[in-house]
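Understanding the architecture of this molecule
The chain contents come next:
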Amino acid sequence: MNLKLILLLGLVSLFADWLYESMRAVVPQYLYQLGATAAFVGFVFGLGDALGYVARFATGPLADRRGGYWLETFLGYGLQVAAVAGLVFARDVWQVASLVFLERFSKALRTPARDAIISGAGGRGSGGKAFGIHAALDQVGAIAGVAMATAMLYMSYAAQAVFTAALVPGLVALLILYVAYRVGKVKPVGRGGGVAVGRGVFFFGAAQFLLGLSIIHISLSMYRLAEVPWLASLLYLVAMVAEIPASLALGFIYDRSHKTLLIAPLFTILLAISFMTGGVYLFAGAVLYAVVTSYADVVAKAEAAKLGAATSLGVVNAMWGLGLLVSGVLYGYFTDVGNYLAIVFTAASSSIASLVLIWRLVTS
């Protein structure tokens, strides 16, 4: 295991997460202030996250064909800084939405390539640990960013002030990325051709689509608390804190047991119930949300990396993103009309379907 490279890329993600998670901790409330509905917020975050994943259908194979992976990684992080800088000047819902989409696309551009580097740095038999360590480090940055946003909102700073402050860690991330490139190179594995994608990749991708369809995006829980902006950010902070132990635990457990793949669908059902109940249970839901997203960032990535290289990572993550798109718009609409039973029914049905597919994968 190339621990130095894993730690350096973890630090890059730490400061990059500080940048974009502070932005995401503010955008739902900012859209609410600009007059957006819950359905629109669900659409923005659903389509944004879907774009961040679905575009990997293209960016993953592109990274494998080019090989090396560093160019895509640098471009992705640079575009992310540019998107948050643009939010400083955004003043209507569609300007904000467009920049959220750009920020998510930047993640799609860099992530398959960066994850291929992490997988190579982890070496055989340590993929779960490598992704777990990396995910835990980037969550430290997420906590710092959301804590900063929450404190600034509590002190009555405007959203634009948060976006401006977030640019500093974004620039630090680019600097550390350059250091990682200079001292921690891994041997390219995709130059000059593509990587074949087997049936198992699409099978697992289908399970991830259904899992994405079953999760209620935390932006909708934040929207329900948007009348008190700092409280909504605090909810997001709870999720970010919970992701650190969840990421580390899931990474180490996955390396010991393939059945870790079965965990996430059970948590999305409980998440739907907590969302329906509302009130203080939204904070319990934030912890459940953290477990599922940690699963997607650690377990699903490690499994996809086993099945192939950046191409497989791109396909699996894209299917997860498509599920997020559908669930964001659908659950946003149900929230607007107050039909929480429909949310629970839809989430539970898709979660059980995902569990069945994953069970077949584990036992085959």
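Residues numbered from 1 in each chain as written. Predicted model: local features only at pLDDT ≥ 70, side-chain atom pairs only at ≥ 80, totals over all residues. Heavy atoms only, no water.

Remarks on the overall build of the chain
- Tallying secondary structure elements over the chain gives 16 helices and zero strands in all.
- Taken over C-alpha atoms, the radius of gyration comes to 19 Å for the chain, in line with the 21 Å a tight globule of 364 residues would show.
- Expressed as a percentage of its 364 residues, the buried residues of the chain come to 61%.
- In the chain, 87% of the contacts between residues at least 6 apart in sequence involve partners at least 24 apart.
- Counting only carbon and sulfur atoms, one obtains 70% of the accessible surface of the chain, whose full area is about 13,200 Å².
- Taking the average location of the 23 positive side-chain charges in the chain and that of its 15 negative ones, the two points are 11 Å from each other. (Helix = DSSP H or I, 4+ residues; strand = E, 2+ residues; numbered from the N terminus. Rg over C-alpha atoms; globule rule 2.2 N^0.38 Å. Buried < 20%, exposed > 50% of the residue type's maximum accessible area, 1.4 Å probe, protein only. Contact = heavy atoms within 4.5 Å. Areas by Shrake-Rupley, 256 points an atom, 1.4 Å probe, with all protein chains shown as cover. Lys, Arg positive; Asp, Glu negative; His and termini not counted. Charge placed at Lys NZ, Arg CZ, Asp CG, Glu CD.)

Here we look at the packing of aromatic side chains
- Under the counting rule described, the total for this entry stands at 12 aromatic pairs.
- Ring centres 6.2 Å apart and planes at 70° place the aromatic pair Phe 43 and Trp 94 in the edge-to-face group. One end of the pair, Phe 43, is in helix α3 (residues 38-54); the other, Trp 94, is in helix α6 (residues 93-122), with 51 residues separating them in the sequence.
- Exposure remark for Phe 43: the relative accessible area of 24% places this residue in the partly exposed category.
- Ring geometry for Tyr 333 and Phe 334: centres 5.9 Å apart, planes at 50°, overall tilted.
- On the basis of relative accessibility, which here comes to 14%, the residue Phe 334 falls in the buried class.
- Here the aromatic residues Phe 40, Phe 43, Trp 94 and Phe 101 are joined through ring pairs into a cluster of three or more.
- Directly above the aromatic system of Tyr 77 lies the positively charged group of Arg 110, at a separation of 4.1 Å from the ring centroid.
- Directly above the aromatic system of Phe 275 lies the positively charged group of Arg 224, at a separation of 4.9 Å from the ring centroid. (Phe/Tyr/Trp six-rings, centres within 6.5 Å; stacked < 30°, edge-to-face > 60°. Lys NZ or Arg CZ within 6 Å of the ring centre and 35° of its normal.)

Quick notes on the packing of helix α11 (residues 229-256) against helix α13 (residues 281-297)
- Contact pair α11 / α13: the axes reach a minimum separation of 7 Å and the direction vectors enclose 40°. Relative to α13, the element α11 lies oblique. Note on packing geometry: the crossing formed by α11 with α13 is right-handed. Only Leu 282, Phe 283, Ala 286, Val 287, Tyr 289, Ala 290, Val 291, Thr 293, Ser 294, Tyr 295 and Asp 297 of α13 make contact with α11, whose side of the interface consists of Leu 231, Leu 234, Leu 235, Val 238, Ala 239, Ala 242, Glu 243, Ala 246, Ser 247 and Leu 250. (Axes fitted to C-alpha atoms, helices over the stretch in contact; angles between N-to-C directions. Parallel < 35°, antiparallel > 145°, perpendicular 65-115°, else oblique. Left-handed = near helix turned anticlockwise from the far one by under 90°.)

So, α3
- Under the 1.5 Å per step criterion, the end-to-end length of α3 is 23 Å for 17 residues, consistent within 8% with the ideal 24 Å.
- Turning to α3, its buried residues number three or more, namely Ala 38, Phe 40, Val 41, Gly 42, Val 44, Phe 45, Gly 46, Gly 48, Asp 49, Ala 50, Gly 52 and Tyr 53. (Expected span 1.5 Å × (residues − 1).)

Here we look at unusual backbone geometry
- Even without being glycine, Ser 156 reaches a positive phi, approximately 70°.
- Looking at the secondary structure, you find Ser 156 in the loop between α7 (127-154) and α8 (159-183).

Re the nonpolar core
- Core analysis: the biggest nonpolar cluster contains 119 residues, and Leu 31, Phe 163, Leu 261 and Tyr 295 have the highest contact counts within it.
- Excluding residues that lie within four positions of it along the chain, Leu 261 makes contacts with Phe 204, Tyr 254, Tyr 295, Val 299, Glu 303, Ile 358, Leu 361 and Val 362. (Core = buried A, V, L, I, M, F, W, Y, C linked by side-chain atoms within 4.5 Å.)

Some points on a nonpolar patch on the surface
- Together, Tyr 154, Met 155, Tyr 157, Val 228 and Trp 230 give the surface a local cluster of nonpolar side chains, amounting to about 540 Å² of exposed area.
- Within the secondary structure layout, Trp 230 lies in helix α11. (Patch = residues over 30% accessible without salt bridge, like charges linked within 9 Å, V, L, I, M, F, W, Y side chains within 5 Å. Salt bridge = Lys/Arg side-chain N within 4 Å of Asp/Glu carboxyl O.)

Focus: the side chain of Asp 115
- Along the polypeptide, Asp 115 turns up in helix α6.
- Those residues in contact with Asp 115 that sit more than four places away from it in its chain are Phe 131, Lys 301 and Leu 313.

Thoughts on the environment of Ile 352
- Looking at where Ile 352 falls in the secondary structure, it is placed in helix α16 (residues 340-363).
- Judged by relative accessible area, which is 49%, Ile 352 ranks as partly exposed.
- For the pair Ile 352 and Gly 170, spaced 182 residues apart in sequence, the C-alpha separation works out to 39 Å.

Examining α11
- With 28 residues, α11 should reach 40 Å at 1.5 Å per residue; the first-to-last C-alpha distance of 42 Å fits that figure.
- Roughly 30° is the biggest bend found in α11, and it falls at Glu 243, with proline Pro 245 one to four residues downstream. (Bend = angle between axes of the 7 residues up to and from the residue.)

Digging into the confidence of the model for the chain
- Mean pLDDT over the chain stands at 86; residues scoring 70 or higher make up 93%.
- Confidence drops under pLDDT 50 across residues 188-193; counting only partners more than four residues distant or on other chains, this segment forms 16 contacts. (pLDDT = per-residue confidence, 0-100.)

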